[in-house]
Amino acid sequence: MNPPISISDSFANTEWDALAHTLRTIKTGVNGNDAASKRLRAELGFVRMLMCEEIKEWNGNNTIELSFFMASFKTIQKLEKGFDEKGIKSSEFLTFLKLLFYKFEKQKLKVKKPIATLAEFRRMKGVVENGHNTL
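As a starting point, this report considers the structure included with it. (Residues numbered from 1 in each chain as written. Predicted model: local features only at pLDDT ≥ 70, side-chain atom pairs only at ≥ 80, totals over all residues. Heavy atoms only, no water.)

## Topic: the overall build of the protein chain
Thinking step 1. A tally of regular secondary structure across the protein chain gives 6 helices and 2 strands.
Thinking step 2. When the helices and strands of the protein chain are placed in sequence order, the string is α-α-α-β-α-α-β-α.
Thinking step 3. Each of the 135 residues in the protein chain was classed as buried or not, and the buried ones make up 35%.
Thinking step 4. Put simply, of all contacts in the protein chain between residues at least 6 apart along the chain, 77% involve residues at least 24 apart.
Thinking step 5. Carbon together with sulfur atoms contributes 55% to the accessible area of the protein chain, which is approximately 8800 Å² in total. (Helix = DSSP H or I, 4+ residues; strand = E, 2+ residues; numbered from the N terminus. Buried < 20%, exposed > 50% of the residue type's maximum accessible area, 1.4 Å probe, protein only. Contact = heavy atoms within 4.5 Å. Areas by Shrake-Rupley, 256 points an atom, 1.4 Å probe, with all protein chains shown as cover.)

## Let's talk about the side chain of R48
Thinking step 1. Position of R48 relative to the elements: it lies in helix 3 (residues 35-55).
Thinking step 2. An unpaired buried charge is present at R48: no salt bridge exists, and E92, the closest side chain of opposite charge, is 9.1 Å distant.
Thinking step 3. Sequence-distant contacts of R48, that is, excluding residues within four places in its chain, are made with L23, R24, T25, I26, T28 and F93. (Lys, Arg positive; Asp, Glu negative; His and termini not counted. Salt bridge = Lys/Arg side-chain N within 4 Å of Asp/Glu carboxyl O.)

## Regarding the nonpolar core
In summary, soluble globular proteins display a tendency toward joint burial of nonpolar side chains.
Thinking step 1. Counting residues in each nonpolar core, the largest one holds 32 residues, and the members touching the most others are L23, M51, I55, L97, L100 and F104.
Thinking step 2. If you list the elements that add at least two residues to this core, you get helix 2 (16-25), helix 3, helix 4 (66-85) and helix 5 (92-105).
Thinking step 3. Setting aside residues no more than four positions away along its own chain, L97 makes contact with L23, V47, M51, I76 and L79. (Core = buried A, V, L, I, M, F, W, Y, C linked by side-chain atoms within 4.5 Å.)

## Quick word on helix 2
Thinking step 1. Burial in helix 2 covers these residues: W16, L19, A20 and L23. Taken around the axis of helix 2, the buried residues stretch over an arc of 100 degrees, which confines them to a single face.
Thinking step 2. At its buried positions, helix 2 is contacted by helix 1 (7-12), helix 3 and helix 5. (Arc of directions from axis to C-beta.)

## Some remarks on the environment of I64
Thinking step 1. Its place among the elements puts I64 in strand 1 (residues 63-65).
Thinking step 2. The spacing of I64 and F104 is 40 residues in sequence and 7.0 Å in space, taken between C-alpha atoms.
Thinking step 3. Contact partners of I64, with chain neighbours within four places excluded, come to W58, F69, F104, Q107, K108, L109 and K110.

Here is the structure:
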């Protein structure tokens, strides 16, 4: 067996329950008792809880719900802005979320309401094509 070429490649081969466990235990890197720090820590805790619950049972079907995929993308962008506002240049937690999203990208999209999501696809296609993708 060949060793992984990159961290993202090794991440792609990791089981979902192991990723959920890591997500639960990784440090956020946000310190301080000011209101902005507390708010960002609360958001990170909420994101951690929701993502853990969603991904811990995924092993086996290689699909991701489109709405969860898009919400994850938007959430990571928002958190990245929060880290920038706090002046935090590097965070294990944010890096982990980006790698997790990389693994999300490797899944097959599953859509519950295909017609209702057409507008969302068109809108996101424009964002990516116009170079506004921050990930």
